[in-house]
Amino acid sequence: MGLRRAAVAALEGGLLGRVPVPSSAAAWRHAAHFTFQPDPAPSAHGQTQKMNLFQSITSALDNALAKDPTAVIFGEDVAFGGVFRCTVGLRDKYGKDRVFNTPLCEQGIVGFGIGVAVTGATAIAEIQFADYIFPAFDQIVNEAAKYRYRSGDLFNCGSLTIRAPWGCVGHGALYHSQSPEAFFAHCPGIKVVIPRSPVQAKGLLLSCIEDKNPCIFFEPKILYRAAVEQVPVESYYIPLSQAEVLQEGSDVTMVAWGTQVHVIKDVATMAQEKLGVSCEIIDLKTILPWDTETVCKSVVKTGRLLISHEAPLTGGFAAEISSTVQIEE
Amino acid sequence: MNLFQSITSALDNALAKDPTAVIFGEDVAFGGVFRCTVGLRDKYGKDRVFNTPLCEQGIVGFGIGVAVTGATAIAEIQFADYIFPAFDQIVNEAAKYRYRSGDLFNCGSLTIRAPWGCVGHGALYHSQSPEAFFAHCPGIKVVIPRSPVQAKGLLLSCIEDKNPCIFFEPKILYRAAVEQVPVESYYIPLSQAEVLQEGSDVTMVAWGTQVHVIKDVATMAQEKLGVSCEIIDLKTILPWDTETVCKSVVKTGRLLISHEAPLTGGFAAEISSTVQEECFLNLEAPISRVCGYDTPFPHIFEPFYIPDKWKCYDALRQMINY
């Protein structure tokens with residue numbers, strides 16, 4: 001208790017510069033480098049329930065398996081509920097034929113998932129950490145992404161969705177913190193989606209599962225417990241490839257996705273307070289195919305663009321956004 | 001020598017000079033599907049030039065192991081399109097080996113060679129240019145030569161380099177490109193781009209086969225538009241020579257980058273965004289990227305897919321008239 005008071009005092013007293021402190025303790029979710037502020041509860045999708053990110057994922061998967069009798073979930077350790085508890089209760093509810101473990105073999109997880117999807121069933125694969133997705137890289141890039149094209153649309157694996165925990169978590173190090181979205185951005189034929197919050201995650205994941213293309217859905221692991229919102233209990237869909245302007249502004253456009261959206265929200269507050277600068281904040285949401293229109297329209301208005309991601313600079317997705325915006329403007 | 005002969009010559013020099021050097025991959029023993037290793041097994045023995053199973057993950061994994069013991073590992077991946085099963089080994093193991101051991105261990109003596117790029121009939125799985133995938137991976141080097149003389153010097157530099165290197169060889173040039181090549185070893189430095197032709201109006205950057213395309217474009221531009229082009233062969237994709245490119249753009253104010261790989265997330269994006277940051281006020285026009293489309297590499301549609309000289313010329317014209 002004393003430690004928290006000291007932390008608040010340090011922050012307010014300018015130890016790290018003035019950082020906004022949420023007004024209510026309920027909104028307090030202060031991780032090392034950002035503050036998660038929940039979005040207001042959506043009113044358009046019926047009754048809501050307090051859920052954190054992993055619970056919103058479970059809810060989405062529950063909805064998906066209830067609605068689609070062909071849907072199956074598989075991956076390492078998903079049967080008991082998963083290392084991040086995203087699949088808790090689903091095996092009991094839907095049976096061992098629909099929620100099952102795989103061997104420790106990412107190439108096999110995705111390869112098997114492609115096969116399931118090609119038969120027409122809905123395959124929801126889990127890769128235990130995005131850092132481990134690379135053994136499946138050939139399956140994703142050379143097989144899944146090209147399946148429809150190479151068969152002249154005779155066959156496809158569009159009902160495949162791959163989920164993976166993503167991004168920094170404070171202690172993850174080299175192999176539990178990676179953000180590999182940029183590797184996949186260079187691969188035509190797949191979609192890559194990254195939510196910033198529980199409400200977003202459920203809606204976007206359900207859209208990925210419905211989407212007729214193989215999708216990769218990265219879940220910011222640092223938000224699994226830290227992000228709590230009121231999330232609709234029923235299914236709802238948030239469209240893919242539509243970026244969202246979270247806050248309108250006139251001087252600078254800032255673009256990010258996943259956890260980093262919350263960082264730039266803090267930056268916008270700092271900029272307003274210290275510099276009197278009005279920032280427009282955009283959550284990109286879908287990395288591939290990305291919403292060039294929303295971003296370009298914003299930059300036409302503000303004339304300045306900042307893009308931020310945890311992934312390394314060289315060849316990161318900010319390069320693609322930067323070079324496209326530069327040409328369009 | 002043609003390109004594959006210059007590669008053989010480089011490998012011959014490497015195995016002669018370095019008694020720990022070994023060459024391995026699918027079908028390298030008989031000489032390789034592109035004849036790059038012809039004669040080497042006879043000359044150096046079956047312990048030094050040998051086949052592997054059909055398993056790219058294993059080829060690279062084994063190569064990392066060989067390199068960690070201190071021997072020089074020269075791995076061949078039969079086509080760059082097949083490098084993806086080894087992606088985890090390259091990106092999560094080889095690239096991070098030195099860093100994760102605090103420089104106690106490393107696999108710097110690993111070089112991976114692979115035929116690369118369009119060839120007229122390669123289609124989805126024999127035409128890919130995957131350099132951009134690797135550009136996002138700190139810890140490795142990625143090198144692509146434009147000609148036999150360049151290939152031998154750059155390959156020998158990769159083999160000597162103390163970091164794991166990926167060396168892509170433009171397969172369409174294996175027989176088509178013929179030059180007088182030095183018989184002895186020589187080294188062309190990595191991470192140094194080369195200005196092939198000086199110009200004042202537009203900078204054009206490419207690597208591998210595409211360098212020859214932009215050379216044609218420069219000739220067209222001079223004849224039809226009176227425009228003077230500066231041509232840069234990037235050579236090393238990672239780490240790339242930002243200085244040479246930026247210095248050129250400061251002079252010309254216009255930049256066109258071209259590669260066969262798909263546009264989105266391709267390496268032109270990285271060059272474009274870096275140059276734009278460094279040379280923003282020098283730019284007279286937006287930086288142009290002339291690349292493959294965002295689709296798999298097609299079979300019969302290849303002539304429409306590749307960024308040929310007319311597409312590049314058209315983009316250049318639009319930049320001049322901006």
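That block above? That's the structure.
Conventions and cut-offs
- Residues numbered from 1 in each chain as written.
- Chains lettered and ligands numbered in written order.
- Predicted model: local features only at pLDDT ≥ 70, side-chain atom pairs only at ≥ 80, totals over all residues.
- Heavy atoms only, no water.
- Helix = DSSP H or I, 4+ residues; strand = E, 2+ residues; numbered from the N terminus.
- Rg over C-alpha atoms; globule rule 2.2 N^0.38 Å.
- Buried < 20%, exposed > 50% of the residue type's maximum accessible area, 1.4 Å probe, protein only.
- Contact = heavy atoms within 4.5 Å.
- Areas by Shrake-Rupley, 256 points an atom, 1.4 Å probe, with all protein chains shown as cover.
- Lys, Arg positive; Asp, Glu negative; His and termini not counted.
- Charge placed at Lys NZ, Arg CZ, Asp CG, Glu CD.
- Pairing = 2+ DSSP bridges.
- Axes fitted to C-alpha atoms, helices over the stretch in contact; angles between N-to-C directions.
- Buried area = accessible area lost by both parts, 1.4 Å probe.
- Salt bridge = Lys/Arg side-chain N within 4 Å of Asp/Glu carboxyl O.
- Polar contact = N/O pair within 3.5 Å; in protein donor to acceptor, adjacent residues only side chain to side chain.

Asks: Got a minute to help me understand the overall build of chain B in this structure?
Replies: For chain B, the count of helices and strands is 12 helices and 12 strands. Relative to the compact-globule value of 20 Å for 322 residues, chain B shows a C-alpha radius of gyration of 19 Å, a close match. Dimensions along the principal axes, computed over C-alpha positions, put chain B at roughly 60 × 40 × 40 Å. Of all 322 residues assigned to chain B, the portion counted as buried reaches 64%. Taking all contacts inside chain B whose residues are at least 6 apart in sequence as the whole, residues at least 24 apart take part in 81%. Total accessible area on chain B stands at roughly 12,000 Å², and carbon and sulfur atoms take up 54% of it. The averaged location of the 36 negative side-chain charges in chain B is 3 Å from the averaged location of its 26 positive side-chain charges.

Asks: Would you explain the sheet that holds strand 3 (residues 73–76) of chain B in this entry?
Replies: Sheet strands associate in pairs through backbone hydrogen bonding, adopting either a parallel or an antiparallel arrangement. Residue and element names in this part refer to chain B. Read across the open sheet, the seven strands follow the order 2-1-3-4-6-5-10; overall the sheet is mixed. Every other strand in the sheet has two partners, leaving strand 2 (49–51) and strand 10 (236–238) as the edge strands with one partner each. Neighbour-to-neighbour, the strand axes of this sheet turn through a mean angle of 20°, independent of strand direction. Two elements, strand 5 (residues 141–143) and strand 10, share two bridges in a ladder whose sense is antiparallel. Within strand 10, the residue paired with V143 across the bridge is T236. Most of the contacts of helix 7 (residues 148–160) go to strand 6 (residues 165–170), to which it runs at about 165°, and overall it touches strand 3, strand 4 (110–116), strand 5 and strand 6.

Asks: Any chance you could explain the interface of chain B and chain A here in plain terms?
Replies: Contact with chain B, which involves 44 residues of that partner, is made by 37 residues of chain A. The contact between chain B and chain A buries some 3,400 Å² in all, and 64% of this surface belongs to carbon and sulfur atoms. The tally of links between chain B and chain A comes to one salt bridge. Linking chain B to chain A there are 21 residue pairs in polar contact (both at pLDDT 80 or more). Taken together, the elements giving at least two residues each to the side of chain B that touches chain A come down to helix 4 (87–94), helix 5 (97–100), helix 6 (131–135), strand 11 (255–262) and helix 10 (267–278) of chain B.

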